[in-house]
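A look at the structure
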Amino acid sequence: MQRLHPKTGWIEAICGSMFSGKSEELIRRLRRAELARQRVQIFKPGLDDRFAEDHIVSHSQMRLRSITVADSQELLARVDDRAEVVGIDEVQFFDHGIVNACTRLANLGKRVLVAGLDLDYRGRPFEPVPQILAIAEYVSKQLAICMVCGGPANHTQRLTESHERIEIGAQGMYEARCRYCFEPPREESQLESPETVAPTQELPPAPVPKPDAARAEKTSNGESDVPSSFRRSGGVG
Ligand SMILES: [Zn+2]
């Protein structure tokens, strides 16, 4: 049997909350590929124009040239046949077709590197990222550091009142929070009807503002000693 693609492709997914260093990690991996003189192409959705029009940029100002595309179809159309590595940043802003696009590119023998938020501001899976995590060969979950207590943070806390799922911004509008300090938007969890809740989820009672005293007490009796367990787990970047 003749193999059309002697080189096997695969998908690497980098996910996590905001401020967890996803773009930084993506850029690091893509840079190494470029150093090895591999042909690298990088894409980002048109939606995210926070920093630069034709670069992917991390919060720490690392940057790489990228191509801005409107959707997964345009991305596929603009992939160079000779590209060996395809990077996609902010993948959560793509349409669902990005899942098939990643599969097709990997099947063509390309190394596909994607980075994106796995949870939205309500703390729910941010499609299509869960589907990409399922089909990826390699998954790296990056954690940020909770900006309230210093624990491992996998949630993105929105600090504004907006209920748009997509609200581009960074410092000032969002904070990284651990599961204890994360407070999902109140109005929505109150309006939520039972049918919209997945059967496996047991929702906690609607969040109430946590007085600082209660939090301090909880920490002092060791019940939620997040910083020390955080150290035990070896830390995160
Ligand atoms: Zn916390």
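Here, the structure is the one placed above.
Fair warning: this is a prediction, and the values are worked out from it, not measured in the lab.

Conventions and cut-offs
Residues numbered from 1 in each chain as written. Predicted model: local features only at pLDDT ≥ 70, side-chain atom pairs only at ≥ 80, totals over all residues. Helix = DSSP H or I, 4+ residues; strand = E, 2+ residues; numbered from the N terminus. Buried ≥ 20, exposed ≤ 12 C-beta atoms within 10 Å, placed from the backbone. Contact = placed C-beta atoms within 7 Å. Arc of directions from axis to C-beta. Core = buried A, V, L, I, M, F, W, Y, C linked by C-beta atoms within 7 Å. Domains from an automatic or database assignment. Pairing = 2+ DSSP bridges. Right-handed = clockwise from strand over helix to strand, strands pointing away.

1. Examining the overall build of the protein chain
Across its full length, the protein chain carries seven helices and 12 strands. Relative to its full complement of 237 residues, the protein chain shows a buried share of 35%. Within the protein chain, residue pairs in contact and separated by at least 24 positions form 72% of the contacts whose partners lie at least 6 positions apart.

2. What about unusual backbone geometry?
Here E127 and P128 are connected by a cis peptide whose omega angle stands at 5 degrees. Of note, P128 is situated in the loop between β7 (111–117) and α4 (129–135). Despite not being glycine, F19 has its phi angle at roughly 65 degrees, a positive value. By the secondary structure assignment, F19 is in the loop between β1 (10–16) and α1 (22–35). With 19 C-beta atoms packed within 10 Å, F19 lands in the partly exposed category. For E90, which is not glycine, the phi dihedral falls at a positive 50 degrees. Structurally, E90 can be placed in the loop between β6 (85–88) and α3 (97–107).

3. Things to note about α3
Residues of α3 that are buried: I98, V99, A101, C102, L105 and A106. For α3, the buried positions fall inside an angular range of 165 degrees around the axis, keeping them on one side. Tucked inside the fold, the buried residues of α3 contact β1, α2 (72–78), β6, β7 and α4. Looking one or two residues beyond α3, the residue adopting positive phi is G109, at roughly 100 degrees.

4. Focus: the nonpolar core
V91, C102, V112, V114 and I132 are the most contacted members of the largest nonpolar core, which totals 46 residues. Element by element, the count of residues in this core is highest for α3, at six residues. Residues from two domains meet in this core; each of domain 1 (10–142) and domain 2 (152–196 + 204–232) gives at least three. Excluding residues that lie within four positions of it along the chain, V91 makes contacts with I98, V114, A115, G116, V129 and I132.

5. Regarding the environment of P128
C-beta crowding within 10 Å serves as the criterion here: with 22 such atoms nearby, P128 is assigned to the buried category. For the pair P128 and V91, spaced 37 residues apart in sequence, the C-alpha separation works out to 7.9 Å. Excluding anything up to four places from it in sequence, P128 contacts F94, H96, I98 and V99.

6. Notes on the pairing of β6
Residues V85 and G87 line one face of β6 and the alternating positions V86 and I88 line the opposite face, and both faces are buried. Alignment of strand β2 (residues 40–45) against β6, held across four bridges, turns out to be parallel. Each residue of the ladder has a partner; that of Q41, found in β6, is V86. Examined bridge by bridge, β6 and β7 share four bridges and lie parallel to one another. Within β7, the position partnered with I88 by the bridge is V114. Taken together, β6, α3 and β7 constitute a β-α-β crossover, and its handedness is right-handed.

7. Quick look at the environment of P184
Within the secondary structure, P184 sits in the loop between β12 (174–177) and α5 (186–191). Placed 29 residues apart in sequence, P184 and H155 show a C-alpha to C-alpha distance of 9.6 Å.

Everything listed is a geometric property; what it means functionally is a separate question.
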